[in-house]
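Summary of structural features
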Amino acid sequence: MFIRKEDFGPGFTWGVSTAAYQIEGAHNVDGKGPSIWDDFVNRKRKINDNHTGNIACDFYTQYAKDISLLFDLNISNYRFSVSWSRILPFGTGPVNYKGIDFYNKVIDFCLELGIEPWITIYHWDLPLELEKKGGWTNRDVISWFGEYVEICIKYFGDRVKHWMVLNEPMVFTGAGYFLGVHAPGKKGLSSFLAAVHHAALCQSAGGRIIRGMKPEAHIGTTFSCSHIEPFRPIEKDVIAAEKADAFLNRLFIEPLLGKNYPVRDLPVLQRIERYVKQGDEQDLVFDMDFIGIQNYTREMVSHSPFMPFVKAKIIKADKRNVERTMMNWEIYPESIYEMLKKFNRYENVKELVITENGAAFADNRQNGKVDDPKRIQFLQDNLAQVYRAKQEGINVSGYFIWTLLDNFEWAEGYHPRFGLVYVDFETQQRIVKSSGLWYKRFLSDTENKIVSGFSKTG
Ligand code: GCO
């Protein structure tokens, strides 16, 4: 099937997404305080090959070059996050004005080039000082976070219209406070459930603060999500898939919408009660202007008696022998369509934006060029599915590719390359990949079409 950018309508938002810790580097300069990621990467064997984000893409000094790249690629919306400990080195208290200056320069340069900034307030880099007091497990995080949100709006809200409160709370609480594979490396159900409840409260409280200070702001938050299917057509796997769905896809959106936690499908969540105070149920609710969907793959789930609490386990793509990316994520474009349909079914979800979608491959430089046809196909097939949802009347209003630059992919370090732009981490040289050139043509040329196998499925 053939689709043009124009088919998505004139108001459709096209962009790319990045995150502070993954690109900025400059981890200890100009007054920045350490974050949990600065600390975590220095603990041995936590990160693949002991990589760190100390330098990353050096966006802190190269931002003008990189924003110019956005301009060259016809990308007119830029989603990025601000680093809490660059702005408030201790998490609360004195403001680091050099940090404020840096983000002002980024915002102003975007606007000068006609690029609309979309800010994620929290993309996983909690100030270390706050983690020393328990981090997300300490209920005081609600007031710490509130102070931080106020400062962001106070200094940047005059120019920035689009705000996302949290990036993927399921991942930073699950990987960071349950499995211990992300910062701060905590494990166990108690720290996880406390972190979940406090993050859910911050998600709504953050929204209320922005609305109060800037009623005209366009406010959202983002969720990781994957279409989930039972591995085998047997009842046990069907139940396991439902549990995994409650856990991975529903845990944060449902309390936000006033439906509380999905306790019926995931009884272990009853234990969250011990962190719940009077009035919390109402406080968890906030009427977001948009919901950010971040989708990369689908998951197949089977019953597993050995998995504590959920009795479900994900069967990874290599075990199923399916086409996959370097993250061992199945390539399954219909997942993004299924997720749009799923989130659209909730009453009170007004607008959906794909705030992340992309793929990692082992891209190589050859004769000064980086050819990545698989990424181009991935993006086209996913976009065709977004279009399919849009045609069915689902209000999806934007699409952001993850990501502009190859960068620090958390526990995987620098191995998986997600960028439209290749980064040589030795020299900090940038090379636009063929996928970047494809996106540029798609965004500029009305004749440029997406070619996708969607007609077969749609
Ligand atoms: C996420 C992120 C990104 C990741 C991307 C690929 O996981 O939420 O927002 O930081 O790099 O998703 O894994």
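This report concerns the structure included in the present document. (Residues numbered from 1 in each chain as written. Predicted model: local features only at pLDDT ≥ 70, side-chain atom pairs only at ≥ 80, totals over all residues. Heavy atoms only, no water.)

Attention now goes to the pattern of salt bridges. According to the stated counting rule, one finds 29 salt bridges in the structure shown. Taking the shortest distance from any N to any O, the salt bridge between K132 and E129 comes out at 2.9 Å. Overall, K132 belongs to the exposed group, its relative accessible area being 58%. Judged by its relative accessible area of 27%, E129 is partly exposed. For D289, the salt bridge identified is with R211, shortest N-O distance 3.0 Å. Residue D289 is found in the loop between α12 (280-283) and β8 (290-294), and its partner R211 is found in helix α9 (residues 189-213); the two are separated by 78 residues along the sequence. The class of R211 is partly exposed, set by a relative accessible area of 25%. Via salt bridges that share partners, D363, D372, R375, D406, R417 and K433 belong to a single interconnected network. (Salt bridge = Lys/Arg side-chain N within 4 Å of Asp/Glu carboxyl O. Buried < 20%, exposed > 50% of the residue type's maximum accessible area, 1.4 Å probe, protein only. Helix = DSSP H or I, 4+ residues; strand = E, 2+ residues; numbered from the N terminus.)

Before going further, it helps to spend a moment on the pairing of strand β16 (residues 429-432). One ladder, built from four bridges, connects strand β15 (residues 421-424) with β16; its direction is antiparallel. Bridged to D424 within β16 is Q429. Adjacent in sequence and paired antiparallel, β15 and β16 are bridged by four residues, among which Q428 carries a positive phi angle near 65°. (Pairing = 2+ DSSP bridges.)

A few words now on the side chain of D66. Counting through the fold element by element, D66 comes out in helix α3 (residues 59-72). You can call D66 buried: its relative accessible area is 0%. In this structure D66 touches F59, L404, L405 and R430, once residues within four positions along its chain are discounted. (Contact = heavy atoms within 4.5 Å.)

Pairing between the strands of a sheet comes from backbone hydrogen bonds, and it takes one of two forms, parallel or antiparallel. Within the open sheet, the three strands sit side by side as β7-β9-β10. Their pairing is mixed. A strand with exactly one partner marks an edge of an open sheet, and here the two such strands are β7 (227-230) and β10 (312-315). When strand polarity is set aside, the average angle formed by the axes of neighbouring strands in this sheet is 40°. Sheet topology note: the strand β9 (residues 298-303)/β10 ladder contains four bridges and is antiparallel. Residue H303 lies in a different strand from β10, and its bridge partner there is A312. (Axes fitted to C-alpha atoms, helices over the stretch in contact; angles between N-to-C directions.)

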